[in-house]
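Read off the chains here:
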Amino acid sequence: MDDIALMDDVLGKTADLVDGVDASQWGESTPCSEFTVKDLVSHMVGWSSSFVAAAEGEQPQGDPASYQASDSSAAEFRSAVHRIVAGWRDHGRDRKVSLIGAGPMPADMVFDMTLMEYLAHGWDLARATGQTMPYTEAEAQQVLDLAGNRLPEEYRGDGKPFGTIVEVPIEAPALERFAGFMGRM
């Protein structure tokens, strides 16, 4: 599958998961120990504006951590997903882009980070809310392959953005191996 189609599929399915959250689940815990479901949705939607800016070639504005999930979060996230996909399709990846808190970086890196972020947090959200995992084996494997090239060891461990790799059997489905690679399971 080409990368734009992959982005469209993964982010679209993640938007479906955000849409499937009931407000009664806001206080539930998630595989991200620091986040409740509401915190996770807030993180996902809050950071989507920075990913939109990168995809559209703009300078990101605001503080993603200040976003608070509400009844409009699913619609806001779906709108951001459409803009992210369209931005990458229209502007390509042969350029430098910025995210909040980071200077110019290769667009390919941010494109891959977007896929990793929203597949991982989609997995988290599905697990926390009891929704069916919507991602295909091929999608999960393709993102896992990208992640293996993008996530160095120095970003893992206590006090770092990613947990240590959780060993998952090689014969496990790609989504489980991806979750383990991202420090979950």
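These figures come from a predicted structure and were not determined experimentally.

Here is what the cut-offs are and how they apply
Residues numbered from 1 in each chain as written. Predicted model: local features only at pLDDT ≥ 70, side-chain atom pairs only at ≥ 80, totals over all residues. Heavy atoms only, no water. 1 Å grid on protein atoms, 1.4 Å probe; cavity = no way out; pocket = protein on both sides within 12 Å on 5 of 7 lines; lining within 4 Å. Points joined across faces, edges and corners; volume = space filled by probe spheres on them. Helix = DSSP H or I, 4+ residues; strand = E, 2+ residues; numbered from the N terminus. Nonpolar A, V, L, I, M, F, W, Y, C, P; charged D, E, K, R; others polar. Buried < 20%, exposed > 50% of the residue type's maximum accessible area, 1.4 Å probe, protein only. Contact = heavy atoms within 4.5 Å. Axes fitted to C-alpha atoms, helices over the stretch in contact; angles between N-to-C directions. Parallel < 35°, antiparallel > 145°, perpendicular 65-115°, else oblique. Left-handed = near helix turned anticlockwise from the far one by under 90°. Phe/Tyr/Trp six-rings, centres within 6.5 Å; stacked < 30°, edge-to-face > 60°. Lys NZ or Arg CZ within 6 Å of the ring centre and 35° of its normal. Core = buried A, V, L, I, M, F, W, Y, C linked by side-chain atoms within 4.5 Å.

Trainee: Would you mind going over the layout of surface pockets in detail, with residue names and values included?
Mentor: Roughly 880 Å³ of volume is contained in the largest pocket. Taken together, 31 residues form the lining of the largest pocket, with His43, Glu117, Leu151, Pro161 and Phe162 sitting closest to its centre. Put simply, the parts of the chain that give the lining of the largest pocket at least two residues each are helix H2 (37-56) and helix H4 (107-129). For the lining of the largest pocket, the element with the most residues is H4, which contributes 6 residues. In the lining of the largest pocket, the residues fall into 19 nonpolar, 6 polar and 6 charged.

Trainee: So what's going on with helix H6 (residues 174-181)? Residues and values would help.
Mentor: With 7 of its 8 residues buried, H6 lies for the most part within the structure. Residues Ala174, Leu175, Arg177, Phe178, Ala179, Gly180 and Phe181 constitute the buried set of H6. In this fold, the buried residues of H6 make contact with H4 and helix H5 (137-150). With its phi angle positive at about 90°, Gly183 sits one or two positions after the end of H6.

Trainee: Quick one: what's the story with the environment of Asp71, residue by residue and with numbers?
Mentor: As for its position among the elements, Asp71 is in the loop between H2 and helix H3 (73-91). Judged by relative accessible area, which is 76%, Asp71 ranks as exposed. On a C-alpha basis, the gap between Asp71 and Asp22 in space is 9.2 Å, while along the polypeptide they are 49 residues apart.

Trainee: For the packing of H3 against H4, give the residues involved together with the corresponding values.
Mentor: Contact pair H3 / H4: the axes reach a minimum separation of 12 Å and the direction vectors enclose 150°. One finds that H3 runs roughly antiparallel with respect to H4. The element H3 and its partner H4 pack so that their crossing is left-handed. Residue-level inspection shows Phe77, Ile84 and Trp88 of H3 in contact with H4, the latter providing Ala107, Val110, Phe111, Thr114 and Tyr118. In terms of residue class, the contact of H3 with H4 is built from 7 nonpolar, 1 polar and no charged.

Trainee: Describe the packing of aromatic side chains, and please don't skip the residues or the numbers.
Mentor: Evaluated as defined, the whole model comprises 4 aromatic pairs. Ring geometry for Phe51 and Tyr118: centres 5.7 Å apart, planes at 70°, overall edge-to-face. Taken together, the residues span a long stretch of sequence, with Phe51 in helix H2 and Tyr118 in helix H4 at a distance of 67 residues. A residue is classified by how much of its surface remains accessible, and Phe51, at 4% relative accessible area, is buried. With a relative accessible area of 0%, Tyr118 lands in the buried category. What links up through ring pairs into an aromatic cluster is the set Trp47, Phe51, Phe77 and Tyr118. When the ring centre of Phe111 is taken as origin, the NZ or CZ atom of Arg93, which lies over that ring, is 4.0 Å away. The cationic tip of Arg156 hangs over the ring face of Phe181; the distance from NZ or CZ to the ring centre is 4.5 Å.

Trainee: Describe the nonpolar core, and please don't skip the residues or the numbers.
Mentor: Counting residues in each nonpolar core, the largest one holds 58 residues, and the members touching the most others are Val41, Trp88, Leu115, Leu125 and Phe178. Within the residue set of this core, elements represented by two or more residues are helix H1 (3-19), H2, H3, H4, H5 and H6. Per element, the largest residue contribution to this core is 12 residues, and it comes from H4. Setting aside its immediate chain neighbours within four residues, Val41 contacts Val18, Val21, Trp26, Gly46, Ala69, Ser73 and Leu125.

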